[in-house]
Amino acid sequence: MRNPASLDLVRSIKSFIVSFSFNAPNPENNSKRIQDFFLSMEAAIRGHPLWEASSDAEIDNALEGLEKYVMTKLHSRTFASSAEDVKMDAEISDKIYLLQNFLRPQHLDIPSVLQNETAWLLAEKELKKINAFKVPREKLLCIINCCRVINNLLLNASISEDRVLGGADDFLPILIYANPPQLHSNLKFIQLCRMQSKLVSEAAYFLTNLVSAKSFIVDLNAKSLSIEESEFEESMQAAKLVDRVPQETLITFDKRSAFRNITDPGSSIPMHKKANSNINGELNYPYMEAEAGELTVGDVERLLSLYKDVVTKYTSLCSTVRHLSVSKTVSPVPQGNDDDLLRGSNGTHKDTSCKGD
Amino acid sequence: MGCSSSVPDRSSGRSTGLNNGENSEGPDAKNLRVKLVLLGDSGVGKSCIVLRFVRGQFDPTSKVTVGASFLSQTIALQDSTTVKFEIWDTAGQERYAALAPLYYRGAGVAVIVYDITSPESFAKAQYWVKELQKHGSPGIVMALVGNKADLQEKREVQVQDGTDYAEKNGMFFIETSAKTADNINQLFEEIAKRLPRPSSS
């Protein structure tokens, strides 16, 4: 494309990309425009003097390069570009997250000889790479690689276990078990933006399988797993609780150990806000500017509680600062000096931050 | 093993047993490519039929070159055309039945398989036929296949039942055995012959 003779092509590519930014994102419409553009460019390249002596493989290469360039430029406008898509992605991953708590291979008719964690992880890993790529072709390759891993698992099992090869009866359930990120948007993006002439044969089959895996998960209910409605509901509810508990524990733990008393002014203390105060403390500690003569006996209780509050905050602040500075200093340090630096920083911070404790 | 030797001892009477020895893909010949979807209950042997078809033409030990659920195979017909079948297997379990339309969309051929020892699978096959008549591509070529024909002593679906049902629905019918490779090649050859040809030729 650097060749001056290709100037006409370069110009049409650029103007196509620019024209895209004028329109509001509309996935179906965009897809049509992109596909039409690929087709017209293919015709242009095939008829172009520069490619006159080229083989099909070379032209193919040029077209792949074109798709890669155009889709990289247009990625943000075409991938998960609508709020609906983002919502759909979130809903699906939430559902998958909950299902993982109780879904077992037998719910999907996966026979035990095929329950091979290593192979499944490998397949899942291939699929998870999908978000590292921006171009339809590369995303599609992640899907194909994942499917090949599953295929190999099936073939190996049929050889080593002397088991009749199950074909799609075994293949689809295992694929459903893998958990790809942004499933909906990735599939939609590939379906709409991959050069249609390349979306055939095995690639189309594997893509269809993932589309059907998605569809199965979206519509999944008690019947899909051959369990009772009540059991399904209970399991989903239980999964939601399991999901919530660790997060809450984590946050509480965090707050307690470090920030609770710093960030939370304490609900028992009313805030007498001063309009012109610029020190945070003044908002939380209304007696900062009070004179001794103004105080009454009734203030003692509040003063005492504020005092306790301040001490607690100060102590936890000290320990946090010490903690933070230690971990910060240690991690980037090259080998050898760890001990010295660790001791040094520990010492310094104790001295500066906790003086007069 | 003898995967390539298919002996039609119970021929449907319609297959003309082509010799597939010369399986050359002439680059200038009329080359058809067709998407074939396999439907049928889990366990009726859908994938076995295809594996037998694909492997039977080659070295039966070359397992690594074939996929487990997607396979393609080219056959040559006597009129010098070649047909490349792209075979899409589907999961046959009931829980996945609703996904089938994603697979048969755009298919030129549907092969609906049942097990001659299982009346339930024959009922399921009829369900698929009805569904395809309603929602399949117009002009789709359909074949009804009674598999496991080697299990004569356990037969529960009579040949006549299959023949009658297929005839009523304008389908091609054949009984096969993926185990003995019986009628496997005939099935695909017969389908190839029934494919609509491009009008230009």
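Here the structure is a predicted model, which is why all the values come from computation and not from measurement.

> Help me get a handle on the overall build of chain A, residues and values and all.
Scanning chain A from N- to C-terminus turns up 13 helices and zero strands. Moving toward the C terminus, one meets the helices and strands of chain A in the order α-α-α-α-α-α-α-α-α-α-α-α-α. Counting the 357 residues in chain A, one finds 22% classified as buried. Contacts in chain A between residues far apart in sequence, at least 24 positions, make up 71% of those at least 6 positions apart.

> Can you break down the interface of chain B and chain A residue by residue, with the values?
For interface size, the figure often reported is the accessible area lost on association. If you look at the interface, chain B gives 23 residues, while chain A gives 24 residues. Contributing elements (two or more residues each) for the side of chain B that touches chain A: α1 (46–56), β2 (70–76), β3 (82–89) and α2 (100–104) of chain B. For the side of chain B that touches chain A, the element with the most residues is α1 of chain B, which contributes four residues. A class-by-class count of the residues in the side of chain B that touches chain A yields ten nonpolar, eight polar and five charged.

> Before we move on, can you summarise the domain arrangement of chain A with the specific residues and values?
Residues and elements named next belong to chain A. Parsing chain A into structural domains produces domain 1 (4–78), domain 2 (83–220) and domain 3 (265–353). A straight line from the C-alpha centre of domain 1 to that of domain 2 covers 29 Å. With 13 residues of domain 1 at the contact, the number on the domain 2 side is ten residues. Sorting the residues of the side of domain 1 that touches domain 2 by element identifies α2 (27–46) and α3 (56–78) as the ones contributing at least two each. The dominant element in the side of domain 1 that touches domain 2, judged by the number of residues it contributes, is α3, at eight residues. Class assignment of the residues belonging to the side of domain 1 that touches domain 2 gives a composition of five nonpolar, five polar and three charged.

> How would you sum up the packing of α1 of chain B against helix α5 (residues 184–194) of chain B? Please name residues and give values.
Residue and element names in this part refer to chain B. Remark: α1 packs on α5, axes separated minimally by 9 Å, with the N-to-C direction vectors making an angle of 90 degrees. Between α1 and α5, the angle is such that the two are roughly perpendicular. Note on element contacts: α5 touches α1 through Ile184, Asn185 and Phe188, opposite Ile49, Arg52, Phe53 and Gly56. Here the residues of the contact of α1 with α5 sort into four nonpolar, two polar and one charged.

> Describe α2 of chain A, and please don't skip the residues or the numbers.
All names here are of chain A. With 20 residues, α2 should reach 28 Å at 1.5 Å per residue; the first-to-last C-alpha distance of 28 Å fits that figure. Among the residues of α2, those classed as buried are Pro27, Ile34, Phe38 and Met41. Along α2, the residues classed as buried sweep out an arc of 70 degrees about the axis, all on the same side. Projecting away from the buried face of α2 at angles above 90 degrees are the exposed residues Glu28, Asn29, Lys32, Asp36, Ser40 and Ala43.

> Mind laying out the confidence of the model for chain B, listing which residues take part and the relevant values?
All names here are of chain B. With 79% of its residues at a pLDDT of 70 or more, chain B has an overall mean of 82. The weakest mean pLDDT in chain B belongs to α1 at 87; the strongest belongs to strand β4 (residues 109–115) at 98. Ignoring residues within four places in sequence, the model shows residues 1–29, a span with pLDDT below 50, making 50 contacts including any to other chains.

> I'd like a description of the nonpolar core, backed by residues and values.
Ranked by size, the top nonpolar core spans 104 residues in total, and within it Ile150 and Leu175 of chain A together with Ala110, Ile112 and Ala143 of chain B carry the most contacts. In terms of domain composition, this core takes at least three residues from each of domain 1 (4–78) and domain 2 (83–220) of chain A.

What counts, and where the lines are drawn
- Residues numbered from 1 in each chain as written.
- Chains lettered and ligands numbered in written order.
- Predicted model: local features only at pLDDT ≥ 70, side-chain atom pairs only at ≥ 80, totals over all residues.
- Helix = DSSP H or I, 4+ residues; strand = E, 2+ residues; numbered from the N terminus.
- Buried ≥ 20, exposed ≤ 12 C-beta atoms within 10 Å, placed from the backbone.
- Contact = placed C-beta atoms within 7 Å.
- Nonpolar A, V, L, I, M, F, W, Y, C, P; charged D, E, K, R; others polar.
- Domains from an automatic or database assignment.
- Axes fitted to C-alpha atoms, helices over the stretch in contact; angles between N-to-C directions.
- Parallel < 35°, antiparallel > 145°, perpendicular 65-115°, else oblique.
- Expected span 1.5 Å × (residues − 1).
- Arc of directions from axis to C-beta.
- pLDDT = per-residue confidence, 0-100.
- Core = buried A, V, L, I, M, F, W, Y, C linked by C-beta atoms within 7 Å.

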